[in-house]
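Given next are the chains, with one letter for each unit.
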Amino acid sequence: MGVYVVTGGSGGIGGCTVRALQAQGHEVINVDLKGGDISENLASPEGRGAIIRQLHERCPDGIDGLCCVAGVSGDGSNLKLIVSLNYFGAVRLAEGVYDLLKKKHGSCVMISSYSICGGAARQDVVHMLLSAKDDRDEQDILSLCDRFDGSNLSVGNSYYTATKYALALWVRRVSASWAANGVRINSVAPGNVATPMTATMSPQARGALEALPIPINYQTGGLMAPEDIANSVAFLVSPQAHGVNGVILFTDGGTDALLNPDKVY
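Residues numbered from 1 in each chain as written. Predicted model: local features only at pLDDT ≥ 70, side-chain atom pairs only at ≥ 80, totals over all residues. Heavy atoms only, no water.

*Asks:* Can you explain unusual backbone geometry? Please cite residues and give values.
*Replies:* What you tend to see is this: most non-glycine residues have negative phi, and most peptide bonds are trans. The phi dihedral of H105 falls on the positive side, at around 50°, and the residue is not glycine. Considering the arrangement of structural elements, one finds H105 in the loop between helix 4 (98-103) and strand 4 (107-111). Residue class for H105 comes out exposed when judged on its relative accessible area of 58%. (Helix = DSSP H or I, 4+ residues; strand = E, 2+ residues; numbered from the N terminus. Buried < 20%, exposed > 50% of the residue type's maximum accessible area, 1.4 Å probe, protein only.)

*Asks:* Before we move on, could you go through the nonpolar core and cite the residues and values that matter?
*Replies:* L66, W170 and W178 are the most contacted members of the largest nonpolar core, which totals 53 residues. Excluding its chain neighbours within four sequence positions, the residues that come into contact with L66 are V5, L93, A94, V97, L101, S107, C108, V109 and V237. Core analysis: the next-biggest nonpolar cluster, separate from the first, contains 21 residues, C67, I111, M224 and A234 among them. (Core = buried A, V, L, I, M, F, W, Y, C linked by side-chain atoms within 4.5 Å. Contact = heavy atoms within 4.5 Å.)

*Asks:* Can you break down the packing of helix 3 (residues 79-96) against helix 6 (residues 135-144) residue by residue, with the values?
*Replies:* Between helix 3 and helix 6, whose axes approach to 9 Å, the crossing angle comes to 145°. Taken as a pair, helix 3 and helix 6 cross one another with a handedness that is right-handed. Every residue of helix 6 that contacts helix 3 at K80, V83, S84 and F88 is listed here: E138, I141 and L142. (Axes fitted to C-alpha atoms, helices over the stretch in contact; angles between N-to-C directions. Left-handed = near helix turned anticlockwise from the far one by under 90°.)

*Asks:* Give me the packing of aromatic side chains: which residues, what numbers.
*Replies:* One pass over the full model with this rule turns up 4 aromatic pairs. On the basis of an interplanar angle of 85° and a centroid distance of 5.1 Å, the ring pair of Y87 and F88 is categorised as edge-to-face. For the residue pair Y87 and F88, the accessibility class agrees, reading buried in each case. Of the aromatic side chains, those joined through ring pairs into one cluster are Y98, W170 and W178. If you follow R122 out to its NZ or CZ, it ends over the ring of F148, 4.6 Å from the centre. (Phe/Tyr/Trp six-rings, centres within 6.5 Å; stacked < 30°, edge-to-face > 60°. Lys NZ or Arg CZ within 6 Å of the ring centre and 35° of its normal.)

*Asks:* Any chance you could break down the pattern of salt bridges for me, citing the residues and the numbers?
*Replies:* Per the stated rule, a full pass over the model turns up 6 salt bridges. Between K80 and D146 there is a salt bridge whose closest N-O contact spans 3.2 Å. Linking K80 in helix 3 with D146 in the loop between helix 6 and helix 7 (153-180), this pair joins segments that are 66 residues apart in sequence. The exposure class assigned to D146 is exposed, which follows from its relative accessible area of 56%. (Salt bridge = Lys/Arg side-chain N within 4 Å of Asp/Glu carboxyl O.)

*Asks:* Quick one: what's the story with the pairing of strand 2 (residues 27-31), residue by residue and with numbers?
*Replies:* Most of strand 2 sits out of view: 4 of its 5 residues are buried. With 5 bridges joining them, strand 1 (residues 3-7) and strand 2 adopt parallel strand pairing. Paired with V5 across the two strands is I29, which belongs to strand 2. What joins strand 1 to strand 2 is helix 1 (residues 12-23), and the crossover it makes is right-handed. (Pairing = 2+ DSSP bridges. Right-handed = clockwise from strand over helix to strand, strands pointing away.)

Structure (structure tokens):
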């Protein structure tokens, strides 16, 4: 059995991913701000550094998989937190434990979002995120967030979608070189999921969420279950998905196919 790291594993999709991997007999290390096996702030460079150091101490022989699930929505959230956690938290952690993944020819899964297909992402933010090289660049981007109203739903969603769009592009761009060194990397793009994060959304945001149809739930209604997403993550990070690399797997119940039926790539 293997050793897997899951961020945001104390609840929601992350918690379901932890349970799915544990059910397969794996050792799972939960990295979360509260209640984790490693409890540090993934949204800060200092917290990420502490997480990376602790993982190297705990797993000197390497890890079999990394599932970057932790994130926040765009509903009235702090724009800086959206950027620092959703994008930099995932990318910098993956880069920091890349050597541990190489030791065991492991794999990595990132959480994107089906919303990246809707055209709402701010492409200037996407470009800045992908161009950021170090902590100083991250701080420069975060300082720009002060110019915008994060409590505005459209602004928050545009930043949220930008982080998920940039993350999907980053996965695609590094996938070939990572795989050449024995490490697969993919992304899951969830649809609208019933989680503690969506449960606390404003009525306005919740209404917009529920307005988008989910074909597999036509008969029952409601959002997708977090287990649906966790099962996709657990598959992609497993050796059974050995032939899958650089893929953005839409686990949205068919929403993207419904809205974009003529798009195949």
